[in-house]
Amino acid sequence: MIKEVHIKSFGAISSLDVQQFGKINLLIGHNGTGKTFALKAMYAAQKCIEQYGRGKEPRSVKELLADSLYWTFQPEMIGSLVKKGESPLSFLLKSDTGDSFQFSFGNTTTKEIKNVESTFAPTSVNSIFLPAKEVISIQDSIIRLYEVDKMFGFDKTYVDLARAMSKTVKGRNYKEFSAARNKLQDAIGGRLEFDDAKKAWAFMDNSKRSIEISLTSEGIKRLSILELLLGNHYLSKESVVFIDEAEANLHPELISKFMDIVVLMAEGGVQFFISSHSYFVIKNLYILAHENNLSVPTISFEETGAKIYDLHDGMPDNPIVRESVNLYRREINL
């Protein structure tokens, strides 16, 4: 589990220091303040840790990191990731086991990152990034653009997710995630199945009716991917799931069910990092934190810098909550 992260001069982020993450972590703030940058920075580091030394992977940790940052952020050169007017960029990630992964580079860095250190041993754990847009209907295009055309377009978070989408494994679920997977299927009314004849994904609803992916709603497709990653055993205990804009394309009722599922998966061992602009997401996690006696560290990205709260202690002072209060006051004055 990721325990702490220290970031300086990374894209939109001047400084971010978090000493104690939890099983569920929330990132909030205005557009352009660094939420997605932070998610992608942690994800790029986590995937580098997971890829290093796996199977016949021949690349060094420095080569893996450069590739991960380049294809995740898609800059003209690596040094472009350094916050303008500040240099160098530095990043440090520590786990709850005491291992660390750190790197730094300046704004003139092109492809090679010299300062990289890692104490992590090879692992079989897989982590994943769920972007705001669904990928099921464009899976082949995403993989082709990256593997064949070698072109920018869909960043590596999309590529990794497209690659992770394989058929469900027959047999028992991981017992830790059985309840979460069943609840997911109930929430979305079915699951994904691969049609071997058509070589395409279809949505199989709970009445055993097969529905073309193009006729399935965006929100259902997005949550179906999470159900699939449990069904094909890509995700396991100690996986880390990064979710950008958790509320994207979801009705408030489905948001509530989604957050319930997040708690169930967290209890099974998965760690979550969630960005959101939604009051419904914040309020649901606030209630769940109290109902389940959970710590939910919340990083609020603001113009003066990042502030850290915990939903178990109360609702944070941030623009999303303030605007909800403003709307309530306007309603009272009608």
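Peer 1: Could you give me a rundown of the overall build of the chain, with the residues and numbers involved?
Peer 2: Within the chain, the secondary structure is distributed over nine helices and 14 strands. Rg of the C-alpha trace for the chain: 20 Å, near the compact-globule value of 20 Å for 334 residues, within the 12% margin. Relative to its full complement of 334 residues, the chain shows a buried share of 52%. Considering only contacts in the chain between residues 6 or more positions apart, those separated by 24 or more positions represent 67%. Here the chain carries 40 positive and 42 negative side-chain charges, and the mean point of each set is 3 Å from the other.

Peer 1: Break down the layout of surface pockets for me, with residues and values.
Peer 2: Unfilled space is identified by rolling a water-sized probe across the atoms. A volume near 320 Å³ is recorded for the largest pocket. M1, Q46, S95, F120 and E238 are the residues nearest the centre of the largest pocket, which is lined by 17 residues in total. Contributions of two or more residues to the lining of the largest pocket are made by α1 (35-51) and β4 (89-95). A total of three residues in the lining of the largest pocket trace back to one element, the largest contributor, which is α1. The class makeup of the residues in the lining of the largest pocket is nine nonpolar, four polar and four charged.

Peer 1: A description of unusual backbone geometry should follow, citing residues and the corresponding values.
Peer 2: The omega torsion across S87 and P88 is 5 degrees, close enough to zero to call that bond cis. Take P88: it is sitting in the loop between α2 (61-73) and β4. In the Ramachandran plot, H233 falls in the positive-phi region, its phi being about 65 degrees despite a non-glycine side chain. When you line up the elements, H233 lands in the loop between α6 (218-231) and β11 (240-243). Unlike most non-glycine residues, N293 shows phi in positive territory, near 50 degrees. Within the fold, N293 resides in the loop between α8 (279-291) and β13 (297-302).

Peer 1: Could you give an account of α8, with specific residues and numbers?
Peer 2: Under the 1.5 Å per step criterion, the end-to-end length of α8 is 18 Å for 13 residues, consistent within 8% with the ideal 18 Å. Restricting attention to buried positions, one finds in α8 the residues V281, I282, N284, L285, L288 and A289. Taken end-on, α8 shows its buried residues confined to a sector of 165 degrees, consistent with a single buried face. A positive phi of about 50 degrees marks N293, the residue just after α8.

Peer 1: Describe the environment of T110, naming the residues involved and giving the relevant values.
Peer 2: Within the secondary structure layout, T110 lies in the loop between β5 (100-105) and β6 (115-118). Given the relative accessible area of 47%, T110 is considered partly exposed. Taking the C-alpha atoms as reference points, T110 and Y70, 40 residues apart in sequence, are found 9.9 Å from one another. Residues within four places of T110 in sequence aside, it is in contact with M77 and I78.

Peer 1: Help me get a handle on the sheet that holds strand β12 (residues 271-275), residues and values and all.
Peer 2: Strand order in the open sheet formed by six strands is β7-β11-β12-β3-β13-β14, and the pairing between neighbours is mixed. Of all strands in the sheet, those with a lone pairing partner are β7 (128-130) and β14 (305-310), marking the two edges. Shown here is a sheet whose adjacent strand axes are inclined to one another by a mean of 15 degrees, direction ignored. Here four bridges tie strand β3 (residues 24-29) to β12, and the two strands are oriented parallel to one another. When the sheet's bridge partners are listed, I24 is paired in β12 with F272.

Procedures and definitions
- Residues numbered from 1 in each chain as written.
- Predicted model: local features only at pLDDT ≥ 70, side-chain atom pairs only at ≥ 80, totals over all residues.
- Heavy atoms only, no water.
- Helix = DSSP H or I, 4+ residues; strand = E, 2+ residues; numbered from the N terminus.
- Rg over C-alpha atoms; globule rule 2.2 N^0.38 Å.
- Buried < 20%, exposed > 50% of the residue type's maximum accessible area, 1.4 Å probe, protein only.
- Contact = heavy atoms within 4.5 Å.
- Lys, Arg positive; Asp, Glu negative; His and termini not counted.
- Charge placed at Lys NZ, Arg CZ, Asp CG, Glu CD.
- 1 Å grid on protein atoms, 1.4 Å probe; cavity = no way out; pocket = protein on both sides within 12 Å on 5 of 7 lines; lining within 4 Å.
- Points joined across faces, edges and corners; volume = space filled by probe spheres on them.
- Nonpolar A, V, L, I, M, F, W, Y, C, P; charged D, E, K, R; others polar.
- Expected span 1.5 Å × (residues − 1).
- Arc of directions from axis to C-beta.
- Pairing = 2+ DSSP bridges.
- Axes fitted to C-alpha atoms, helices over the stretch in contact; angles between N-to-C directions.

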